[in-house]
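A look at the structure
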Amino acid sequence: MAGPHIIVVGNEKGGAGKSTLAIHIAVGLLHAGKSVGIIDLDLRQRTLATFFANRERWLEANRAEAPMAKVAEMGDGKIMARADADTQMAAFQAALASLADCVAILIDTPGGDTTLSRAAHDRAAQIVTPMNDSFVDFDLLGHVDPVTLELLKPSIYSETVWEARKNRALAEGRAGATIDWIVLTNRLAVAEARNRRRVDEKMTKLAKRVGFRVGPGLRDRVIYRELFPFGLTVADISAEIRPVSVSIAHVAARQEMRSLMQALGLEGADRLDEAA
């Protein structure tokens, strides 16, 4: 029997919106009727774990109902962040084991190259990488010529994913074992950025070279930040759950979330209807 479908949200640069993306993928899966487990490997910040703690408290306080993820604890984050690699790995293995009955496990990783982050990548069925429409973010995926902007070679994070794919194939004992890697342009401004076309062109070339798919991310919308303190997303908004006033922007955000789930190829995206 196959184990849980493990989705790792990763990017070795901070500020790309990994946790926001992880939150929306997890809630999207919950509303699609899936049992979802959560592991937050950003041990100091713990944004994903905080979101679901807020969700549990808000729903209880307001006597409301919404699907809830199963959050695996990694112990005290600050202590675990200073622990040695063996201690961290033991906690990670225990967290994975505690979620074995879930259909999907969503792992949020820190903005850096850590032992736990690499271990998560090695176990991924899917890796989702958000990046801003900027050559600053693109540099983690591939190097470009400073004069011509021509793509020169893959960069450090591409190498991390390549290693994860190799390790997964070795662990499963078959050459065909692979990881579905999706790169999403995230936190886009509503207005078109001047350099977006150039970044998109290089992304398309690099995607063919190192083997990832390009998909839509989430725009930089106020509603995503507005709902975070309640542990809610636009997928949760209904006649019973409405902590903020609803506007046409919320409809656009729900469509954006549906497009994200469809791009990831995750079942149930059609259930994220626009009716709030």
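Predicted model, so just to flag it, every value in this text is computed and none were measured.

Some remarks on unusual backbone geometry
Residues other than glycine seldom take positive phi values, yet Arg 46 does so here, at roughly 55 degrees. Considering the arrangement of structural elements, one finds Arg 46 in the loop between β2 (36–40) and α2 (47–61). Although it is not a glycine, Arg 63 sits at a positive phi angle of roughly 50 degrees. Relative to the assigned elements, Arg 63 resides in the loop between α2 and β3 (70–71).

Observations regarding the packing of aromatic side chains
Across all of its chains, the model carries five aromatic pairs by this definition. Ring plane angle 65 degrees and centroid distance 5.0 Å describe the contact between Trp 181 and Phe 212, whose orientation is recorded as edge-to-face. Taken as a pair, Trp 181 in strand β8 (residues 180–185) and Phe 212 in the loop between α8 (196–210) and β9 (213–216) lie far apart in primary sequence, 31 residues in all. Using a relative accessible area of 6% as the deciding quantity, one classes Phe 212 as buried. Three or more aromatic residues link up through ring pairs in this structure, and these residues are Phe 51, Phe 52 and Phe 228.

Observations regarding the side chain of Thr 185
By the secondary structure assignment, Thr 185 is in strand β8. Of the residues examined, Thr 185 reaches a relative accessible area of 13% and is grouped as buried. Those residues within four positions of Thr 185 in sequence are excluded, and the remaining contacts are Met 131, Asp 200, Met 203, Gly 215, Pro 216, Gly 217 and Leu 218.

A closer look at the nonpolar core
Ile 25, Leu 29, Ile 38, Phe 52, Leu 106 and Val 128 are the most contacted members of the largest nonpolar core, which totals 40 residues. The set of elements that each furnish at least two residues to this core consists of β1 (5–9), α1 (18–31), β2, α2, β4 (104–108), β8, α9 (222–227) and α10 (248–264). The greatest single-element share of this core, amounting to eight residues, is contributed by α1. With sequence-adjacent residues up to four places away left out, Leu 29 is seen in contact with Ile 7, Lys 34, Val 36, Ala 104, Met 261 and Leu 266. Counting 38 residues, the second-largest nonpolar core is a separate cluster that includes Leu 43, Met 80, Leu 96 and Ala 164.

Examining the sheet that holds β9
The sheet built from seven strands is open, its strands ordered β3-β2-β4-β1-β5-β8-β9 with parallel pairing. Sheet topology places β3 and β9 at the edges, where each strand pairs with a single neighbour. Each of β2, β3 and β4 is contacted by α2, which is oriented at about 130 degrees to β2, the strand it contacts most.

Some points on the pairing of β8
Counting buried residues along β8, five of its six residues qualify, which places the element largely inside the surrounding structure. Alignment of strand β5 (residues 126–131) against β8, held across six bridges, turns out to be parallel. The residue bridging Ile 127 from the neighbouring strand is Trp 181, located in β8. In this structure, β8 lies alongside β9, joined through four bridges in parallel fashion. Across the sheet, residue Thr 185 finds its bridge partner in β9, namely Pro 216.

Regarding helix α4 (residues 85–98)
Helix length check: α4 (14 residues) gives 20 Å between terminal C-alpha atoms against 20 Å at 1.5 Å per residue, within 8%. Of all the residues in α4, the buried ones are Gln 88, Ala 91, Phe 92, Ala 95 and Leu 96. The buried residues of α4 all sit within an arc of 140 degrees when viewed along its axis, so they share a single face. Projecting away from the buried face of α4 at angles above 90 degrees are the exposed residues Asp 86 and Ala 97. The secondary structure elements touched by the buried residues of α4 are β1, β2, α3 (77–82), β4 and α5 (115–122). With a side-chain oxygen lying 3.1 Å from the backbone nitrogen of Asp 86, the N-terminal cap of α4 falls on Asp 84.

Some remarks on the pairing of β2
Counting buried positions over the five residues of β2 gives five, a clear majority of the element. Of the two faces of β2, the one carrying Val 36, Ile 38 and Asp 40 and the one carrying Gly 37 and Ile 39 are both buried. Alignment of β2 against β4, held across five bridges, turns out to be parallel. The residue bridging Val 36 from the neighbouring strand is Ala 104, located in β4. Direction of pairing for β2 relative to β3: parallel, over a ladder of two bridges. Counterpart to Ile 38 in the pairing with β3 is Val 71. This β-α-β element, β2 to α2 to β3, shows right-handed connectivity.

Comments concerning the packing of α1 against α10
Relative orientation of the contacting elements α1 and α10 amounts to 80 degrees, with a least axis distance of 10 Å. What the angle tells us is that α1 and α10 run roughly perpendicular. Of the residues in α10, those in contact with Leu 21, His 24, Ile 25, Val 27, Gly 28 and Leu 29 of α1 are Met 257, Leu 260, Met 261 and Leu 264. Among the residues making up the contact of α1 with α10, the classes are represented as eight nonpolar, two polar and no charged.

What counts and what doesn't
- Residues numbered from 1 in each chain as written.
- Predicted model: local features only at pLDDT ≥ 70, side-chain atom pairs only at ≥ 80, totals over all residues.
- Heavy atoms only, no water.
- Helix = DSSP H or I, 4+ residues; strand = E, 2+ residues; numbered from the N terminus.
- Phe/Tyr/Trp six-rings, centres within 6.5 Å; stacked < 30°, edge-to-face > 60°.
- Buried < 20%, exposed > 50% of the residue type's maximum accessible area, 1.4 Å probe, protein only.
- Contact = heavy atoms within 4.5 Å.
- Core = buried A, V, L, I, M, F, W, Y, C linked by side-chain atoms within 4.5 Å.
- Pairing = 2+ DSSP bridges.
- Axes fitted to C-alpha atoms, helices over the stretch in contact; angles between N-to-C directions.
- Expected span 1.5 Å × (residues − 1).
- Arc of directions from axis to C-beta.
- Polar contact = N/O pair within 3.5 Å; in protein donor to acceptor, adjacent residues only side chain to side chain.
- Right-handed = clockwise from strand over helix to strand, strands pointing away.
- Parallel < 35°, antiparallel > 145°, perpendicular 65-115°, else oblique.
- Nonpolar A, V, L, I, M, F, W, Y, C, P; charged D, E, K, R; others polar.

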